Amino acid sequence: MSAVLTLAIAGRFRHDIVEAIARHARASEAGGRCNRWRLAWCYGTLVQSAEGGLDSRGRLDLGGLEEVKTDMALLRLETAEPGRARQPFVRRDRTGPWAFCHDGAVRHPELLDPGNRVAESSDPSERLFLHVLGSFKPEDPAESLRAIHEALPAEPEQSLVLMSPDVLVASRWQAEAGEPGLWVGEGRMVRLVAPFRLEHFEQLHWTEISNREVLAFTRFRHELE
């Protein structure tokens, strides 16, 4: 059985925080089957990425992350599946660089409009990424993403995270409330968006996000209404 965990981090943090989040998420009941990871992060006006799998002892091999310097990152842990593209998708668009994760299955990819953007894989989630880019407004991130969700009533699993060097937007958008959930852990210098509370990080205060809600953060960690 496959497993997928998507986590986003915004604030002031070092690479060791990213590594700790990855290891404790995989140590959870939901993450135990994950055998590969991919990280996208903002560096200046760029979005960079790195990926890896397990080491010889069956633990996440996170070598190389000591070079990561950022204040916004998007992490994906998942079970490898043949022919499935790795998320986060990272793309240099005419509107700038973006990273994107989608938690769910696209039921009707033919109804999505990528415009003149061309997907680099056959994964329907990438088509959703391109559809979102066509209407997303960085100057009004929460409301524009909410409008995109509401305009896709035929898609029951729309929860996603979209990140650029300027803004990070996360949504919990499902036809019915329930799993997967969405939680925000808030500390003095960092916020962590995760599918469940990571109890190891006792310094974070956790709040569950209601279904059909959108969160948006600027690069400087101010939450937008």
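One numbering rule holds for all chains: residues counted from 1, following each sequence as written. Thresholds applied to this predicted model are a pLDDT of at least 70 for local features of residues and 80 or more for the giving and counting of side-chain atom pairs; totals over whole chains, interfaces and linings are not thresholded and use all residues. Excluding hydrogens and water, the side-chain figures rest on all heavy atoms present in the structure.

With respect to the packing of helix H2 (residues 124–135) against helix H3 (residues 141–150)
Here comes step 1: Convention adopted: a line fitted to C-alpha atoms gives each axis, helices being fitted over their contacting stretch, and angles between N-to-C directions are expressed from 0 to 180 degrees. To qualify as a helix, a DSSP run of H or I must reach at least 4 residues; to qualify as a strand, a run of E must reach at least 2; elements of each kind are numbered from the N terminus. Contact pair H2 / H3: the axes reach a minimum separation of 10 Å and the direction vectors enclose 125 degrees. Compared by their axis directions, H2 and H3 come out oblique. Remark: the crossing between H2 and H3 carries right-handed chirality. Taking contact as the criterion, the partners of His 131, Val 132 and Ser 135 in H2 are, on H3, Ser 144, Leu 145 and Ile 148. Note on terminology: angles under 35 degrees are roughly parallel, angles over 145 are roughly antiparallel, angles of 65 to 115 are roughly perpendicular, and the others are oblique. The crossing is said to be left-handed when, going from far helix to near helix, the turn is anticlockwise and less than a right angle, and right-handed when the turn is clockwise. Whether two residues are in contact is decided by their heavy atoms: any pair within 4.5 Å suffices.

Points about the sheet that holds strand S8 (residues 167–172)
What links the strands of a sheet is backbone hydrogen bonding, and the strands pair in either a parallel or an antiparallel sense.
Here comes step 1: Strand pairing is defined by DSSP finding a minimum of two bridges between the two strands. Spatially, S5-S6-S7-S8-S12 is the arrangement adopted by the five strands of the open sheet, whose pairing is antiparallel. With one partner strand each, in any of the chains shown, strand S5 (89–93) and strand S12 (213–218) form the two edges of the open sheet. Across this sheet, the average inter-strand angle for adjacent strands is 15 degrees, counted without regard to direction.
Here comes step 2: Taken together, the six bridges between S8 and S12 define a ladder with antiparallel strand orientation. The residue bridging Val 169 from the neighbouring strand is Ala 216, located in S12.

Let's talk about the pattern of salt bridges
Here comes step 1: Salt bridge, as used here: a side-chain nitrogen of Lys or Arg that lies within 4 Å of a carboxyl oxygen of Asp or Glu. Evaluation of the coordinates by the stated rule reveals 14 salt bridges.
Here comes step 2: Ionic pairing is found between Arg 38 and Glu 51, a salt bridge with its closest N-O pair at 2.4 Å. Separated by 13 residues along the polypeptide, Arg 38 in strand S2 (residues 36–43) and Glu 51 in strand S3 (residues 46–52) bring together distant segments of the chain.
Here comes step 3: Relative accessibility thresholds used throughout: buried, under 20% of the residue-type maximum; exposed, over 50%; partly exposed, between the two (1.4 Å probe, protein chains only). Residue Glu 51 is classed as partly exposed on the basis of its relative accessible area of 40%.
Here comes step 4: Here Arg 191 makes a salt bridge to Glu 186, at a shortest N to O gap of 3.1 Å.
Here comes step 5: The exposure class assigned to Glu 186 is partly exposed, which follows from its relative accessible area of 38%.
Here comes step 6: The network of salt bridges with shared partners includes Arg 36, Arg 76, Glu 78 and Asp 103.

So, to be careful, I would describe these as geometric facts and stop short of saying anything about function.
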